[in-house]
Amino acid sequence: MRGVIGSTGPMMPMTGYFNSRREARRWAEGNLAHWNGYFTLRGKGEVAFDGETVQTRPGELLLLAPGHPRRYRIPEPRMGWEFYWLHFRATPRLTGHLPWFDPARRWQRHAVADVSLRVTLATQLEAAHQFNLTEPDLPGREPIVEALLEAFLLRVAAAQARPEGAREMDPRIEQVLEQFHCELAAPFNIDRLAAHAGLSRSQFCLLFRRGTGLSPQAYMEARRLEMAAHYLRTTAQSVADVAEMVGFASPFYFTNRFRRRFGRSPSDYRAAPQGAR
């Protein structure tokens, strides 16, 4: 898995990807001249300013203003932290549409509740990241990547407006979902999740379906397979490793469930042209 954390070089805007698995890491920000963002896919991260510490969780964009020294760490190494980072300028398009870019605000959290949309947003950032990696000297690279990052940020902002008819979520179910998305590979079962929520099994299943529209088993499998598809598109990890990363103990069972969901095996899905997936 790629393991890049930021850049102090002159190329702007920049994106990158980092995935910590069971390792303790600490580092300081090397790019304080521009806006920074950290979009968390899995696990938990922590940012420390003088006199203030903030944590970020799956589905959150942590937006950090320029000019504020800070340090990062992974507070729970067992859980890790997987994220895309972006270094960018506050363009007129962004400042004209979003009230986010006050340099006096050291940090902001912008959460995306729709889990399927999180995967779509991660794919957008992966596209920008791959463009930076493969076309660093392309004339016009900067406005292309800038446009990709603008689209990402504007889509995050749009997702924060709660659509009419959205389901109300019991806070105990929200807490369980946060734990699940932080530890996607953990061997969750309904009894463990219900106990974590302080509910009986039947109460938990009722409130879970009311909040998500799916049973706990269906929800967990759908989210795991969505992330598996993302990893197959964007990494060179083996099918067995991808299965483990998203919580399937058996690669054979993973392949069967993946084929049922996407209509082809994980290997065939990875090999297919993007438009045919």
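Please refer to the structure placed before this passage.
Note that the coordinates shown come from a computational prediction; the quantities given were computed from them, not determined experimentally. Along each chain, the written sequence defines residue order, and numbers are assigned to residues from 1. Predicted model: local features are reported for residues with pLDDT of at least 70 only, side-chain atom pairs are reported and counted for 80 or more only, and whole-chain, interface and lining totals are derived from all residues. By convention in this description, side-chain values take in all heavy atoms of the structure and omit both hydrogens and water.

Visitor: Account for the overall build of the protein chain, with residues named and values stated.
Guide: Working definition: helices are DSSP H or I runs of at least four residues, strands are E runs of at least two. Numbering for both runs from the N terminus. Along its length, the protein chain carries 10 helices and nine strands. The globule rule used here is 2.2 Å times the number of residues to the 0.38 power, and the radius of gyration it is set against is calculated over C-alpha atoms. What you see for the protein chain is a C-alpha radius of gyration of 19 Å, in line with the 19 Å of a compact globule of 277 residues. Dimensions of the protein chain along its principal axes, counting C-alpha atoms only, are 55 × 45 × 40 Å. For the protein chain, with 277 residues in total, the buried portion stands at 49%. Residue contacts are defined here by distance: any two heavy atoms, one from each residue, within 4.5 Å place the two residues in contact. If you take every contact in the protein chain between residues at least 6 apart in sequence, the share linking residues at least 24 apart comes to 71%. Each residue is assigned to one of three classes by its accessible area relative to the maximum for its type, calculated with a 1.4 Å probe on protein chains only: buried under 20%, partly exposed between the two thresholds, exposed over 50%.

Visitor: Summarise a nonpolar patch on the surface; cite the residues concerned and give the values.
Guide: A cluster of nonpolar side chains, namely Leu138, Ile144 and Leu148, defines an oily patch on the protein surface of about 200 Å² accessible area. Within the element layout of this structure, Leu138 appears in the loop between helix H2 (115-134) and helix H3 (141-160). Since its relative accessible area comes to 31%, Leu138 is described here as partly exposed. Residues enter a patch when their relative accessible area is above 30% and they make no salt bridge; the linking distance is 9 Å between like charges and 5 Å between nonpolar side chains (Val, Leu, Ile, Met, Phe, Trp, Tyr). Accessible surface area values rest on a Shrake-Rupley calculation with a 1.4 Å probe, where residue burial reflects the displayed protein chains alone. Criterion for a salt bridge: a side-chain nitrogen of Lys or Arg within 4 Å of a carboxyl oxygen of Asp or Glu.

Visitor: Give me the side chain of Glu126: which residues, what numbers.
Guide: The residue Glu126 is located in helix H2 in this model. Pairs of N or O atoms within 3.5 Å make up the polar contacts considered here, provided that, within protein, one atom can donate a hydrogen while the other can accept it, and that residues adjacent in sequence are counted only when both atoms are side-chain atoms. For Glu126, the side chain forms a polar contact with the side chain of Tyr84, separated by 2.5 Å.

Visitor: Pulling in residues and values, what's your account of the environment of Pro266?
Guide: The residue Pro266 is located in helix H10 (residues 266-271) in this model. Given a relative accessible area of 1%, Pro266 falls into the buried group. In this structure the C-alpha to C-alpha distance between Pro266 and Leu154, which are 112 residues apart in sequence, comes to 32 Å. Among all residues touching Pro266, those that are not within four sequence positions of it are Leu232, Val239, Phe254, Thr255 and Phe258.

Visitor: How would you sum up the packing of aromatic side chains? Please name residues and give values.
Guide: Centre distance within 6.5 Å is the pairing criterion for rings of Phe, Tyr and Trp, where only the six-membered ring of Trp is used; planes under 30 degrees apart are then read as stacked, over 60 as edge-to-face, and the remainder as tilted. All chains considered together, the criterion is met by 24 aromatic pairs. Each member of the aromatic cluster is reached from another via a ring pair, and the members are Phe18, Trp27, Tyr38, Tyr72, Trp81 and Phe83. Just above the ring of Tyr219 sits the side chain of Arg223; from NZ or CZ to the centre is 4.8 Å. The rule is short: NZ of Lys or CZ of Arg within 6 Å of the ring centre and within 35 degrees of the ring normal puts a charge over the ring.

Visitor: Tell me about the sheet that holds strand E6 (residues 60-64), residues and numbers included.
Guide: The five strands are arranged E1-E8-E3-E6-E9 in an open sheet whose pairing can be described as antiparallel. Strands at the two margins of the open sheet, each flanked by one partner only, are strand E1 (14-20) and strand E9 (107-111). Neighbouring strand axes in the sheet, compared pairwise and without regard to direction, differ in orientation by 20° on average. In this description, strands pair whenever DSSP reports at least two bridges between them. Here four bridges tie strand E3 (residues 35-43) to E6, and the two strands are oriented antiparallel to one another. To obtain each axis, a line is fitted to C-alpha atoms, and for helices this fit is confined to the stretch in contact; angles are then taken between N-to-C directions over 0 to 180 degrees.

Visitor: Can you lay out the nonpolar core for me, pointing to particular residues and giving the numbers?
Guide: Nonpolar core, defined: a set of buried Ala, Val, Leu, Ile, Met, Phe, Trp, Tyr and Cys residues in which side-chain atoms within 4.5 Å join the residues together. Counting residues in hydrophobic clusters, the biggest one holds 61 residues, and the most contacted among them are Phe88, Trp100, Phe152, Phe204 and Phe254. Filtering out sequence-adjacent residues up to four positions away, Trp100 remains in contact with Trp35, Leu61, Leu63, Gln108, His110, Leu153, Val156, Ala157 and Gln160. Counting 14 residues, the second-largest nonpolar core is a separate cluster that includes Tyr72, Ile74, Phe83 and Trp85.

Visitor: Please set out the pattern of salt bridges residue by residue, giving values where relevant.
Guide: All chains considered together, the criterion is met by 16 salt bridges. With a shortest N-O distance of 3.0 Å, Glu76 and Lys44 are connected by a salt bridge. In this pair, Glu76 is assigned in the loop between strand E7 (71-73) and strand E8 (81-88) and Lys44 in the loop between E3 and strand E4 (45-49), connecting sequence segments 32 residues apart. For Glu142, the salt bridge is made with Arg89, and the minimal N-O distance between the two is 3.1 Å. Residue Glu142 is located in helix H3, and its partner Arg89 is located in the loop between E8 and helix H1 (92-97); the two are separated by 53 residues in the primary sequence. Since its relative accessible area comes to 34%, Glu142 is described here as partly exposed. Residue class for Arg89 comes out partly exposed when judged on its relative accessible area of 35%. Connected via shared salt-bridge partners are Lys44, Glu76, Arg78 and Glu183.

Visitor: Give a description of the pairing of E9 that names residues and reports values.
Guide: Of the two faces of E9, only the one carrying Gln108 and His110 is buried; Trp107, Arg109 and Ala111 on the other face are not. The pairing of E6 with E9 spans five bridges and is classified as antiparallel. From the neighbouring strand, Leu62 faces E9, where its bridge partner is Arg109.

Visitor: Provide a residue-level description of the pairing of E6, including the pertinent values.
Guide: A large share of E6 lies buried, amounting to five of its five residues. What you see with E6 is no split at all: Glu60, Leu62 and Leu64 on one side and Leu61 and Leu63 on the other are buried throughout.

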